[in-house]
Amino acid sequence: MVLKPSPPFEDILAGFGLNNTFSHTPLGQGHINDTYLISSEIETKSYVLQRINHFVFERPDQLMENIETIKNHVTENNLCTGEELSLLNYRKTKEGELLFTDSGGNYWRLNEFIPDTFTVEFVEDKDHAYAAAHAFGKFASNLSTLPLAQMHETIKNFHNAEMRMSKFHDVTKRNPLNRVELAQDELKMALEHEYLVHMLNNLLPKMLIRVTHNDTKINNVLFSRNTGQVVSVIDLDTVMPGYLIYDFGDMVRTFSPSAGEEEIDLTKIELRKSIFTALADGYLQATHPIISEIESEHLVFGGMLMTYVQAVRFLTDYIEGDVYYHKILRADQNLQRARNQFALLNSIIDQKEDLEAIIHQFNFQN
Ligand code: ADP
Ligand code: GN1
Ligand code: MG
C-alpha cells in the first residue's frame, strides 16, 4: 500500500494556479492522508494541501462529490446559521477540477488555511469536549434531511464490525509474520469481547441509517482562537451513511481517555467522567431534535463498540504487518495501540452504569 512518489510541490501547486515560491510543512497527525501547510512570504493566504490515500479511498472523485453534496444541502436549506457548518472551500485546478492528479497517479486537493484557528490533539479542557461534540451533533442534525441515496460510500464497509471481525479471524489464521505468538493477551481480549459485535448486529435493524461523519476525532474540528468555539467540522472524507452511535462512540474513544492513543503506560489510561459528561451534554443538546430513544440508550454502547473495533483494527494490522496503519515508528506500535484501546475499553466497561446515568440525566433535561 505504498503510494508512488510525487513530483515537486511547485508542480502540484502550479496545477492549482499558484506560482509563487511556497514552503511546505506537515500538518496534523492523520494516519491515512498526507496533509501540508503551504505558505509563502509574498502571499498573505496560506493553504492546506492534501494527498488523498487512494488505496484507502478508492474513488477520490466520489469523496469530493460527497463534500459538494453536503455543502449544497447546507446552503440550499439555510443551515449555515450555526458556525459549525462553515465547510471548507476547495480551490479548483487550472482545468476547473477539485482534484489534481500528479504524474505518479496521486490525488491532491487544496483549501485555504483558516487563520486564527487551532486544533486539539488531546482534550485538556472540558469546554473543548462540549463544543466539539456539539459541532459533530449539529453536523449530523443538519444532514438528517439529506437523502442517503445522494451519498457515496467512500470506504466500503468502513464501520462494518462484522467485516472487521472476519478480517481479524482471517489474518490471525494466516499469521503471515508469526506475530500471533507475540499478541496472545490481546487476541484473548479480542475474543472475550466479540459479544459486542453480536449485540450490535441485533441492534442495527432497530436504528436509522443517517449521514454521519464517521471520524469524529477531536482533531477534526477547528476552534476559533478568539471565541474558543468550533468554526468548522473538517476531515469530511468519511462522511457517508452511518449510525449516530458510531459518531458518539468515536468521541468517547478519542475525547474522554486520560491519555492519547499512543500512550504505552496502560496505568495512565482511563475514561475521564468529567470529559464524558461534557461531551454527552454537547452532543445531546445538538441532536435532541433528531435522536431516537434507542439511539440515546445505546450511546455508551457505541463508545464500547468503537473502542473495541479500533483495538481489533490495530491488532489485525499488527498481525498483518502494518499495511494499513503504516505510518509507524516502531515495529510493535500497532500492537501497543491495540493494548491502549483495550485498556480504555476496560475502563469504559467498568464505568458503564455511571455513564448511562449521565446520558439519562441529559435526556431527561432535553
Ligand atoms: P487528516 O486526514 O490528515 O487527518 P485533516 O483534514 O484532519 O486531515 O487535517 C489535518 C490537520 O490539519 C487538522 O487536524 C488541522 O489541524 C489542520 N487543518 C486541516 N485543514 C485546515 C484548514 N483549512 N485550516 C486550518 N487548519 C487545518
Ligand atoms: C484513521 O487518519 P485519521 O487519524 O483521521 C482512521 C480512523 C481511525 C483512526 C485511528 C480512513 O483516522 O477510522 O479511527 O485513524 N481513518 C480511516 O486513530 O481509516
Ligand atoms: Mg483528521
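That block above? That's the structure.
Residues numbered from 1 in each chain as written. Chains lettered and ligands numbered in written order. Predicted model: local features only at pLDDT ≥ 70, side-chain atom pairs only at ≥ 80, totals over all residues. Heavy atoms only, no water.

1. Quick look at the site of ligand 2
Note the following rule: The near set for a molecule or strand comprises every residue that places at least one heavy atom within 4 Å of it. Polar contact criterion, stated in full: a pair of N or O atoms within 3.5 Å, where within protein one must be able to donate a hydrogen and the other to accept it, and residues adjacent in sequence count only if both atoms are side-chain atoms. For this scheme, ten residues count as nonpolar: Ala, Val, Leu, Ile, Met, Phe, Trp, Tyr, Cys and Pro. Four count as charged, namely Asp, Glu, Lys and Arg, and the remainder, Gly too, count as polar. Domain limits in this description derive from either an automatic procedure or a database domain assignment.
Around ligand 2 there are 15 residues in total, and Asp-215, Lys-217, Glu-261, Gln-310 and Tyr-324 lie nearest to it. Within the contact set of ligand 2, an oxygen atom lies 2.9 Å away from a side-chain nitrogen or oxygen of Arg-313. The contact in question runs from an oxygen atom of ligand 2 to an N or O atom on the side chain of Tyr-324, over 2.5 Å. For the shell around ligand 2, a count of residues per class yields six nonpolar, three polar and six charged. No fewer than three residues from each of domain 1 (9-115) and domain 2 (126-362) sit in the shell around ligand 2.

2. Describing the nonpolar core
Convention followed: Here, nonpolar core refers to any group of buried Ala, Val, Leu, Ile, Met, Phe, Trp, Tyr and Cys residues whose side-chain atoms link them within 4.5 Å. Exposure classes here rest on a 1.4 Å probe applied to the protein chains alone. A residue is buried below 20% of its type maximum, exposed above 50%, and partly exposed in between. Working definition: helices are DSSP H or I runs of at least four residues, strands are E runs of at least two. Numbering for both runs from the N terminus. Residue contacts follow a heavy-atom distance rule, with two residues in contact if any of their heavy atoms lie within 4.5 Å.
In terms of nonpolar packing, the biggest core is built from 102 residues, with Ile-245, Phe-248, Phe-255, Phe-276, Tyr-308 and Leu-315 touching the most fellow members. Sort the elements by how many residues they give to this core and helix H10 (residues 299-320) lands first, with 14 residues. Per-domain counts for this core show at least three residues from each of domain 1 (9-115) and domain 2 (126-362). Every residue in contact with Leu-315, bar those within four places of it in the chain, is listed here: Phe-168, Ala-183, Glu-186, Leu-187, Ala-190, Asn-334, Leu-335, Ala-338 and Phe-342.

3. Quick word on the coordination of the magnesium ion (ligand 3)
For clarity, the cut-off: Donor atoms are limited to N, O and S found within 2.8 Å of the metal ion, a distance that becomes 3.2 Å for Na, K and Ca. With water left out, some sites might look partial.
The protein atoms that coordinate the magnesium ion (ligand 3) are Asn-220 (OD1) and Asp-235 (OD), at distances of 2.1 to 2.2 Å. In this pair, Asn-220 sits in the loop between strand E7 (210-212) and strand E8 (221-224) while Asp-235 sits in the loop between strand E9 (230-233) and strand E10 (240-242), placing the two residues 15 residues apart along the sequence.

4. Section: the site of ligand 1
Where we set the bar: Working definition of accessibility: Shrake-Rupley area with a 1.4 Å probe, residue cover restricted to the visible protein chains.
Around ligand 1, 19 residues are found, and the nearest of them are Thr-35, Gln-50, Ile-114, Thr-119 and Asn-219. Asp-235 places a polar side-chain atom, nitrogen or oxygen, 3.0 Å from an oxygen atom of ligand 1. Protein contact buries 93% of the 550 Å² of open area that ligand 1 shows by itself. Of all the secondary structure elements, the ones that give two or more residues to the shell around ligand 1 are strand E3 (47-52) and strand E5 (107-112). Residue classes in the shell around ligand 1 are distributed as seven nonpolar, ten polar and two charged.

5. Overview of the environment of Arg-253
Here Arg-253 shows up in helix H7 (residues 244-255). Arg-253 sits in the buried class, given a relative accessible area of 4%. Separated by 243 residues in the primary sequence, Arg-253 and Glu-10 place their C-alpha atoms 39 Å from one another. Discounting chain neighbours no more than four positions away, the residues touching Arg-253 are Lys-217, Glu-261, Met-306, Thr-307, Gln-310, Gln-341 and Leu-344. Engagement of the side chain of Arg-253 in a polar contact is seen with the side chain of Gln-341, the distance being 3.1 Å.

6. Side note on H10
Going by this rule: In this analysis, the expected span of each helix is defined as 1.5 Å times one less than the number of residues it contains.
Taking 1.5 Å per residue as the helical rise, H10 with its 22 residues ought to reach 32 Å, and the 31 Å between its terminal C-alpha atoms agrees with that figure. Where burial is concerned, most of H10 is hidden: 21 out of the 22 residues are buried. Gly-321, located one to two residues past H10, shows a positive phi value of around 110 degrees.

7. Side note on helix H3 (residues 126-142)
It helps to recall that an α-helix has 3.6 residues per turn; residues three or four apart then point in one direction. When the terminal C-alpha atoms of H3 are compared, their 24 Å separation across 17 residues agrees well with the 24 Å that a helix rising 1.5 Å per residue should span. Burial analysis of H3 places twelve of its 17 residues in the buried class, the great majority of the element. When we look at burial in H3, the residues that qualify are His-128, Ala-129, Ala-131, Ala-132, Ala-133, Ala-135, Phe-136, Gly-137, Phe-139, Ala-140, Ser-141 and Asn-142. Where H3 begins, the side chain of Asp-125 points an oxygen toward the backbone nitrogen of Asp-127, at a separation of 2.8 Å.

8. Thoughts on the pattern of salt bridges
Heads up, the rule is: When a carboxyl oxygen of Asp or Glu lies within 4 Å of a side-chain nitrogen of Lys or Arg, that pair is called a salt bridge.
Going through the model one piece at a time under the given rule, you end up with 18 salt bridges. Where Glu-320 meets Lys-167, a salt bridge forms, and the shortest distance between an N and an O atom there is 3.2 Å. Separated by 153 residues along the polypeptide, Glu-320 in helix H10 and Lys-167 in helix H4 (residues 161-174) bring together distant segments of the chain. Linking Asp-354 and Lys-273 is a salt bridge whose minimum nitrogen-to-oxygen distance equals 2.7 Å. Taken together, the residues span a long stretch of sequence, with Asp-354 in helix H12 (residues 352-365) and Lys-273 in helix H8 (residues 273-287) at a distance of 81 residues. Exposure remark for Lys-273: the relative accessible area of 33% places this residue in the partly exposed category. Via salt bridges that share partners, Lys-167, Asp-170, Arg-174 and Glu-320 belong to a single interconnected network.

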